[in-house]
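Letter by letter, the chains look like this.
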Amino acid sequence: MTSLRAALTQIVGDAFEAEGLPHAFGQVQDSDRPDLAQFQCNGALAAVKFLNGRPADGSPAGAAKANPRAIADKIAARLKADPLFAKVEIAGPGFLNLDVTDAMLAMQLDAMRADARLGTPDTGAGRTVILDFGGPNIAKPMAVHHLRSSIIGDCLQRLYRANGWTVISDVHLGDWGLQMGQLITEIELEGTAPIYFDPNITGPYPQESPVTMEALETLYPRASAACKANPARLEAARRATVELQAGRPGYRALWKHFVTVTEAGLTREFESLGVKFDLWNGESSVDGLIPPMIEDLKARGLAQTSEGALVVDVAREDDKKPMPPLILVKSEGGVLYGTTDLATVIERVRDHAPALILYVVDHRQHGHFEQVFRAAHLAGFAGQAELEHVGYGTMNGPDGKPFKTRAGGAMKLYDLIEMGKAEAEKRLAEQGIGADYSAAERAGIARKVGIATIKFADLSNHRTTDYVFDLERFSKFEGKTGPYLQYAAVRIQSILRKAGTFDGVPSSLTSPEERALALHLLALGDVLAAAEDKRAPNMLCDYVFELAQVFSRFYAAHHILSESDATLRAARLGLCAQVLAVLTKVLDLLGIEVPERM
RNA sequence: GCACCCGUAGCUCAGCUGGAUAGAGUGUCGCCCUCCGAAGGCGAAGGUCAUAGGUUCGAAUCCUAUCGGGUGCGCCA
């Protein structure tokens with residue numbers, strides 16, 4: 001179904017066109033002044049500029065200066081003929097203020113209710129989008145900075161899916177770079193697993209991993225620090241990386257253990273966050289595509305040797321800043337993540353023919369993606385796919401510096417989730433609400449509420465802003481928070497449970513609160529389309545928060561169950577059910593679950 | 001040095017394809033549970049939209065400069 005706003009834009013656009021003006025001036029928006037009107041159109045003001053700027057070569061309105069109110073008058077006269085409008089007014093310099101009749105609102109609500117998709121737009125129309133997010137690294141536990149990629153990426157995949165796209169999400173593990181060589185050399189020096197380093201042995205190797213996830217977590221920082229302090233160690237790590245990538249059996253076997261062990265831990269983390277991926281590929285997945293890709297680029301003269309490395313020159317003449325080349329092969333023979341990213345474009349286009357590939361990665365990597373995208377386009381690897389870096393801001397502590405725990409380490413995602421859960425359980429106990437619930441239900445509620453707190457706090461900021469990761473804020477349940485929304489939904493569920501069966505009577509609107517609610521519900525489709533267009537989850541957060549607020553006002557103003565007029569009671573219950581459906585849907589897009597009670 | 005991003009209420013943030021009185025949450029102060037869940041609702045106070053120019057009938061939004069903060073600039077990811 002088309003949204004109410006889209007329908008109004010069509011009608012007002014037609015009116016502009018009938019006056020010999022471009023249809024686009026009929027753009028209708030939600031009113032900035034809800035006290036004056038429901039919708040507004042500023043097209044008359046824009047039309048003035050258009051008319052006055054037009055050359056006088058026979059165009060109809062060339063000579064005299066156009067007057068916005070005069071234009072608005074003509075448009076208004078046409079709109080007034082349409083019975084759909086309850087009010088058409090001109091205000092200020094030429095704003096068109098519009099109200100729709102209650103009957104129209106009710107009709108739209110009923111149409112929305114009848115639509116299984118609740119008025120969700122079909123912007124995807126079956127096209128494929130690949131979402132690359134998460135991006136955890138092997139041997140490193142997920143830290144809070146992975147939180148944003150995971151939460152934002154997951155929200156986008158849910159949104160794109162809802163909007164009719166075929167979505168393929170890929171966790172794209174960091175499993176093929178220098179950190180692998182660092183780990184391998186560290187284990188070699190420790191001497192705890194010599195079999196993997198004996199050049200006379202080519203397998204088979206033990207099934208059991210020589211290291212646990214916990215061991216890896218301490219191993220990596222040690223290896224990293226050693227390489228930073230000692231150039232010889234770094235050199236050894238680089239050599240090991242090259243040998244791993246070249247296929248040395250012992251290294252491959254050891255590496256496989258790293259991957260397996262880490263993946264088990266990551267699966268748990270992502271599961272607890274409620275984030276799922278279609279593909280668990282990594283940088284290493286395109287290993288086999290790299291040699292032919294390099295040969296191809298060399299043969300076509302796109303790759304050349306520079307300072308000992310093999311690079312693709314991606315600079316352009318009109319670049320305002322220096323644009324370094326994309327390095328394909330390092331001087332000692334290893335490949336980098338730019339190389340794997342480029343090969344991954346080839347793989348994705350070959351396997352899925354996407355219309356769009358989105359990379360949900362920290363905005364500091366902007367330069368890297370610029371290089372990769374340019375190289376991909378130069379080489380013609382992208383096919384029909386549009387490549388886009390969906391960057392997001394960094395997470396800082398309350399002091400404005402990168403977030404650290406009190407102990408000084410990076411906060412782990414797992415700890416954060418536990419913290420949210422503990423806070424939720426405490427709140428339940430304080431309210432004395434969950435006393436009669438089973439322990440399992442209480443735990444389930446705490447999990448849902450804790451995760452809602454974290455996700456909503458993260459998603460409600462615009463994704464590109466660096467934001468302060470404030471523990472206190474992340475444990476707040478009042479105000480513009482995830483739990484507020486869950487609470488609103490839970491109250492509606494409670495009402496509907498108590499209501500028993502009620503006939504699905506047609507919508508009818510009898511009060512300002514109901515009207516406001518109807519207008520908000522009917523904006524869903526526009527919001528979903530806009531949020532997709534901007535890749536902006538915070539727009540969903542704003543929408544759903546406002547919906548809950550408008551509902552709470554309605555709830556405070558009207559008693560529903562005790563309403564004596566049976567038809568009115570049923571209509572209000574129907575409205576409640578519709579709010580619940582939209583609330584639940586948008587929360588689901590945000591990755592937030594609603595408990596049955598809380 | 002060059003490039004990009006940001007500077008909006010005490011605090012945390014929306015708004016930025018120019019438009020009417022710049023919004024929300026939080027914090028502060030007040031009011032509202034003998035009725036559907038108060039994790040709620042209503043109200044008040046609180047802003048030279050960093051600064052200075054410019055474009056425009058109209059600028060938080062576009063342009064320029066300055067100040068302040070952040071980020072990125074070849075063999076890490």
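Everything numeric here is computed off the predicted structure, so don't read it as measured data. (Residues numbered from 1 in each chain as written. Chains lettered and ligands numbered in written order. Predicted model: local features only at pLDDT ≥ 70, side-chain atom pairs only at ≥ 80, totals over all residues. Heavy atoms only, no water.)

Before going further, it helps to spend a moment on the sheet that holds strand E3 (residues 85-91). Strand order in this open sheet of 4 strands is E1-E2-E4-E3, and the pairing throughout is antiparallel. Edge strands, defined here as strands with exactly one partner in the open sheet, are strand E1 (28-30) and E3. Within this sheet the neighbouring strands show an average axis-to-axis angle of 30°, counted without direction. The pairing of E1 with strand E2 (residues 39-41) spans 3 bridges and is antiparallel. Its bridge partner being in E2, Val28 is matched across the sheet by Cys41. The strands touched by helix H1 (residues 4-18) are E1, E2, E3 and strand E4 (95-100); relative to E1, the strand with the most contacts, the crossing angle is about 140°. (Pairing = 2+ DSSP bridges. Helix = DSSP H or I, 4+ residues; strand = E, 2+ residues; numbered from the N terminus. Axes fitted to C-alpha atoms, helices over the stretch in contact; angles between N-to-C directions. Contact = heavy atoms within 4.5 Å.)

Ranked by size, the top nonpolar core spans 180 residues in total, and within it Ile71, Phe258, Leu328, Leu540 and Leu590 carry the most contacts. Residues within four places of Ile71 in sequence aside, it is in contact with Phe16, Leu21, Ala44, Ala47, Val48, Leu51 and Ala66. (Core = buried A, V, L, I, M, F, W, Y, C linked by side-chain atoms within 4.5 Å. Buried < 20%, exposed > 50% of the residue type's maximum accessible area, 1.4 Å probe, protein only.)

This part is about the side chain of His389. Of note, His389 is situated in strand E11 (residues 386-392). Here Val361 takes part through its backbone oxygen, which lies 2.8 Å from a polar atom of the side chain of His389. (Polar contact = N/O pair within 3.5 Å; in protein donor to acceptor, adjacent residues only side chain to side chain.)

On to the protein's contact with RNA strand B, then. Surveying the vicinity of RNA strand B reveals 67 residues, the closest of which are Arg33, Phe95, Arg238, Lys330 and His558. For RNA strand B, the fraction of atoms within 4 Å of the protein that belong to sugar or phosphate moieties is 58%. Between RNA strand B and Tyr555 there is a distance of 2.4 Å, counted from a base nitrogen to a backbone nitrogen or oxygen. At the level of elements, helix H2 (43-52), E4, helix H6 (178-190), strand E8 (309-312), helix H13 (413-431), strand E13 (467-468), helix H16 (482-499) and helix H19 (537-557) are the ones that each hand at least two residues to the surface near RNA strand B. With 8 residues, H19 is the largest single contributor of residues to the surface near RNA strand B. A class-by-class count of the residues in the surface near RNA strand B yields 27 nonpolar, 19 polar and 21 charged. (Near = heavy atom within 4 Å. Nonpolar A, V, L, I, M, F, W, Y, C, P; charged D, E, K, R; others polar.)

It is worth spelling out the domain arrangement of chain A at this point. Looking at the assigned domains, one finds that chain A contains domain 1 (4-100), domain 2 (144-168 + 278-391), domain 3 (178-273) and domain 4 (413-589). Centre-to-centre, using C-alpha coordinates, domain 2 lies 38 Å away from domain 4. The partner domain 4 presents 24 residues to the 20 residues of domain 2 that form the contact. Buried surface at the junction of domain 2 and domain 4, summed over both partners, amounts to about 2,000 Å²; 60% is from carbon and sulfur atoms. In this assembly, domain 2 and domain 4 are joined by 3 salt bridges. With a closest N to O distance of 2.9 Å, Arg535 and Glu388 form a salt bridge. In this structure, the connection of domain 2 to domain 4 is made through 12 residue pairs in polar contact (both at pLDDT 80 or more). Residue assignment for the side of domain 2 that touches domain 4 shows that the elements contributing at least two residues are helix H5 (144-162), strand E10 (356-362) and E11. (Domains from an automatic or database assignment. Buried area = accessible area lost by both parts, 1.4 Å probe. Salt bridge = Lys/Arg side-chain N within 4 Å of Asp/Glu carboxyl O.)

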